[in-house]
Amino acid sequence: MAKRLKVFTWSDGFHAFTVAASSRPKALQAWGSRQDLFATGLASELDGGPDYEAALAAPGEVIERGLIIDVGEIGKAAAPKKAAGPSKARREKIARLEAELETLDAEHGEAEAALADRLKALQDEQAALERAHAERRKTLLSALKAARR
């Protein structure tokens, strides 16, 4: 009874090489490789796909398939696209929010001015209290000094 065939593959980056063989050493022999491609991770066992089917159809023969490589054209890179501006709805929203911000800043400035006026009035009131206290204290100290004599 023949050994069950396994399908092995490896790639050099430009071509894929696939073979149906009974073991890894037989696959390496079919590829003509003196290096253990399985140990380096270049070769592996394949479980399905068109290469798998083609290898099973011709056991022991190496199936070679070219890999698509797109190296691109050589030339200047395209300039990055400029981002489109904001939509009309977004521009309207921005304008509305900027107006609200200006209104908020104006209201804040007015509130700060009102507080500054109130603070000035309180400081004036405090100064008047201090003057009245100082005058009354001076009068009382004079009266106390006269009473002690």
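Residues numbered from 1 in each chain as written. Predicted model: local features only at pLDDT ≥ 70, side-chain atom pairs only at ≥ 80, totals over all residues. Heavy atoms only, no water.

(A) Focus on the overall build of the chain. Secondary structure summary: the chain contains four helices and four strands in total. The buried share of the chain, reckoned over its 149 residues, is 14%. Taking the contacts inside the chain whose residues are at least 6 apart along the sequence as the reference set, 55% of them involve residues at least 24 apart. (Helix = DSSP H or I, 4+ residues; strand = E, 2+ residues; numbered from the N terminus. Buried < 20%, exposed > 50% of the residue type's maximum accessible area, 1.4 Å probe, protein only. Contact = heavy atoms within 4.5 Å.)

(B) Here's a closer look at the nonpolar core. Phe8, Trp10, Phe17, Val19, Ala21, Ala27, Leu28, Trp31, Leu37, Phe38 and Ala43 form the largest nonpolar core, which has eleven residues in total. When contributions to this core are tallied by element, the ones reaching two or more residues are strand S1 (6-11), strand S2 (15-21), helix H1 (24-31) and helix H2 (37-40). In this structure Trp10 touches His15, Ala16, Phe17, Trp31, Leu37, Leu42 and Ala43, once residues within four positions along its chain are discounted. Membership of the second largest hydrophobic core comes to five residues, among which are Val7, Ala20, Ala55 and Ile63. (Core = buried A, V, L, I, M, F, W, Y, C linked by side-chain atoms within 4.5 Å.)

(C) Region of interest: the sheet that holds strand S3 (residues 43-46). Pairing within the open sheet is antiparallel, and its four strands lie in the order S3-S1-S2-S4. In this open sheet, the two strands that pair with only one neighbour each are S3 and strand S4 (63-66). On average, adjacent strands in this sheet sit at an angle of 25° to one another, irrespective of strand direction. Here S1 runs beside S3; their pairing, made up of four bridges, is antiparallel. Bridge pairing links Trp10 to Ala43 in S3. Packing against the sheet, H1 makes contact with S1, S2 and S3, and its axis sits at approximately 130° to S2. On top of the sheet, helix H3 (residues 50-57) reaches S1, S2, S3 and S4; it is set at about 45° to S2, its chief contact. (Pairing = 2+ DSSP bridges. Axes fitted to C-alpha atoms, helices over the stretch in contact; angles between N-to-C directions.)

(D) Molecular detail of the pattern of salt bridges. The tally for this structure, following the rule as stated, stands at three salt bridges. Close ionic contact of Asp51 with Arg65 constitutes a salt bridge, the shortest N to O distance being 2.8 Å. Within this pair, whereas Asp51 is found in helix H3, its partner Arg65 is found in strand S4, the two being separated by 14 residues in sequence. We classify Arg65 as partly exposed; its relative accessible area is 38%. One salt bridge in this structure joins Arg96 and Glu100, with 3.1 Å as the shortest N-O distance. Here Arg96 and its partner Glu100 are both found in helix H4 (residues 88-148), four residues apart, which amounts to about one turn of the helix. The class of Arg96 is partly exposed, set by a relative accessible area of 44%. (Salt bridge = Lys/Arg side-chain N within 4 Å of Asp/Glu carboxyl O.)

(E) Structural detail: the packing of aromatic side chains. This model, assessed by the stated rule, comprises four aromatic pairs. Judged by centre distance (6.4 Å) and plane angle (65°), the ring pair of Trp10 and Trp31 falls under edge-to-face. With Trp10 in strand S1 and Trp31 in helix H1, this residue pair connects regions lying 21 residues apart in the sequence. Judged by its relative accessible area of 14%, Trp31 is buried. (Phe/Tyr/Trp six-rings, centres within 6.5 Å; stacked < 30°, edge-to-face > 60°.)

(F) Quick look at H3. For H3, the complete set of buried residues consists of Asp51, Tyr52 and Ala55. Each buried residue of H3 sits inside an arc of 100° when the element is viewed along its axis, so together they form one side. Residues of H3 that are exposed and point over 90 degrees away from its buried face: Pro50, Glu53 and Ala57. Looking at the buried residues of H3, the elements they touch are S1, S2, S3 and S4. (Arc of directions from axis to C-beta.)

(G) Region of the structure containing the environment of Ala58. Residue position: Ala58 is located in the loop between H3 and S4. Distance in space between the C-alpha atoms of Ala58 and Ala21 is 10.0 Å, their sequence separation being 37 residues.

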